[in-house]
Amino acid sequence: MRFGRTLVSCIGLTVMLLSGELWLIGDLTAQGSRIVFSHLGFDNFEIYVMDADGGNRANLSNHPVDDEDPDWSPDGTKIAFVSRRTGEYQIYVMDADGNNQIKLTDGPRKKEDPDWSPDSQKIAFTVWAGIGHIEVMDADGENRVEFEDESMQPSWSPDGQRIAFVSWRDMGNEIYVIGADGQGLERLTHDLAGKWNPSFSPDGQRIAYWGEEAGFSHIYVVGTDGKNRVRLTHNEENHWGPAWSPDGRSIAYASSNDGFPLGAKIHLMTADGKYIKQLSNVHDGIDHQPDFSPVGLAVSPTSNRTTIWGRLKIGALSLR
């Protein structure tokens, strides 16, 4: 009888976990979403891709010179990235399978942080010329225009109406938002601590970023009105480079307990920070700068559908 009660308790715990947010990771995998990221092996950074559960790692860039900072186009067909194949870091683009790698930018100045517009027609990026500024160009590299000065790390809103970015114009790295027409500048953060890599949530209501606190870097989210800031990571490790899943219910990021960025591995957590799974498990090197492929969602974000595949994936989660 005691065994029976224990069994019932275990089943009750399983049902409780499955009815919560944990199921989303398995469901995301079942939908076929993948994660592109930068991997440093023995010699140089390469662009890799893996399934949303960390399986099926593959090298996409396959080049002896550093390739970093990948960003998947919203239509799923292309990946923008940064490479210094010609001596200076430039913006490149390739097909989602790694074919047709093409250089989009030229010139002596370093370019980085490519971010696609939601219609996959334009790319915003950072240009370093003593001080950084953001430029925007067509997806084929044509029609480059300077968009915002004293700024870096652009992130387009899902409706294409706004761009979030980092600027040091007010005595510290802070998160700002501005209209895609260059109007309506708003400052969202105000504590003068370093902040980087803003990323709009798929519903356009929140921005994830990473910032410094008590000697470590942590992942935060804040409303697009600057309110309701929440710190999602809490252990004494370094966490950076947040990227939202297509359904907005999880965030991929890099984490390391060896100092930034040594030993970094890709992790996935629920958007409230409660549940965490380590996705990459390389013993040497660095995995960071994750970004999700877009997927066609079969259910709405508020659905509680659970699949057998999702249950199997949930069993691999580590809770912190």
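Refer to the structure above for everything that follows.
What this report covers is the structure whose coordinates are included nearby. (Residues numbered from 1 in each chain as written. Predicted model: local features only at pLDDT ≥ 70, side-chain atom pairs only at ≥ 80, totals over all residues. Heavy atoms only, no water.)

**Some words on unusual backbone geometry**
Alright, step 1. Within the chain, glutamate 150 stands out as a residue other than glycine whose phi angle is a positive 45 degrees.
Alright, step 2. For glutamate 150, the location among the structural elements is in the loop between strand S11 (145-149) and strand S12 (152-156).
Alright, step 3. Notably, alanine 214 is not glycine yet its phi reads approximately 55 degrees, a positive angle.
Alright, step 4. Take alanine 214: it is sitting in the loop between strand S17 (206-213) and strand S18 (216-223). (Helix = DSSP H or I, 4+ residues; strand = E, 2+ residues; numbered from the N terminus.)

**Observations concerning the nonpolar core**
Alright, step 1. Core analysis: the largest hydrophobic core is formed by 28 residues, its most contacted members being Ile207, Ile251 and Met269.
Alright, step 2. Those elements giving two or more residues to this core turn out to be strand S13 (162-167), strand S14 (174-179), strand S16 (195-200), S17, S18, strand S20 (238-244) and strand S21 (250-256).
Alright, step 3. When sequence neighbours within four positions are dropped, the list of residues in contact with isoleucine 251 reads Ala208, Val221, Leu232, Pro242, Ala243, Trp244, His267, Leu268, Met269 and Ala271.
Alright, step 4. Formed by eleven residues, the second largest nonpolar core is a distinct cluster that contains Ala80, Tyr89, Val93 and Leu104. (Core = buried A, V, L, I, M, F, W, Y, C linked by side-chain atoms within 4.5 Å. Buried < 20%, exposed > 50% of the residue type's maximum accessible area, 1.4 Å probe, protein only. Contact = heavy atoms within 4.5 Å.)

**With respect to the packing of aromatic side chains**
Alright, step 1. What the rule picks out here adds up to six aromatic pairs.
Alright, step 2. Taking the centre distance of 6.0 Å and the plane angle of 35 degrees together, the rings of phenylalanine 37 and tyrosine 48 count as tilted. Highlighted residues: phenylalanine 37 in strand S1 (residues 34-40) and tyrosine 48 in strand S2 (residues 45-51), separated in sequence by eleven residues. Pair check on accessibility: phenylalanine 37 and tyrosine 48 agree, each one buried.
Alright, step 3. Aromatic pair tryptophan 196 and tryptophan 210: ring centres 4.8 Å apart, planes at 25 degrees, arrangement stacked. Taken together, the positions of tryptophan 196 in strand S16 and tryptophan 210 in strand S17 put the pair 14 residues apart, joining distant regions of the chain. Note on accessibility: tryptophan 196 and tryptophan 210 belong to one class, buried.
Alright, step 4. A cation over an aromatic ring shows up here: arginine 85 above the ring of tyrosine 92, its NZ or CZ 5.2 Å from the ring centre.
Alright, step 5. In this arrangement the basic side chain of arginine 169 is found over the ring face of tyrosine 176, its NZ or CZ atom lying 5.4 Å from the centre. (Phe/Tyr/Trp six-rings, centres within 6.5 Å; stacked < 30°, edge-to-face > 60°. Lys NZ or Arg CZ within 6 Å of the ring centre and 35° of its normal.)

**Notes on the sheet that holds S17**
Alright, step 1. Overall, antiparallel pairing links the four strands, which are arranged S16-S17-S18-S19 in an open sheet. A strand with exactly one partner marks an edge of an open sheet, and here the two such strands are S16 and strand S19 (230-231).
Alright, step 2. Two elements, S17 and S18, share eight bridges in a ladder whose sense is antiparallel. Bridge assignment links alanine 208 to a residue of S18, and that residue is valine 221. (Pairing = 2+ DSSP bridges.)

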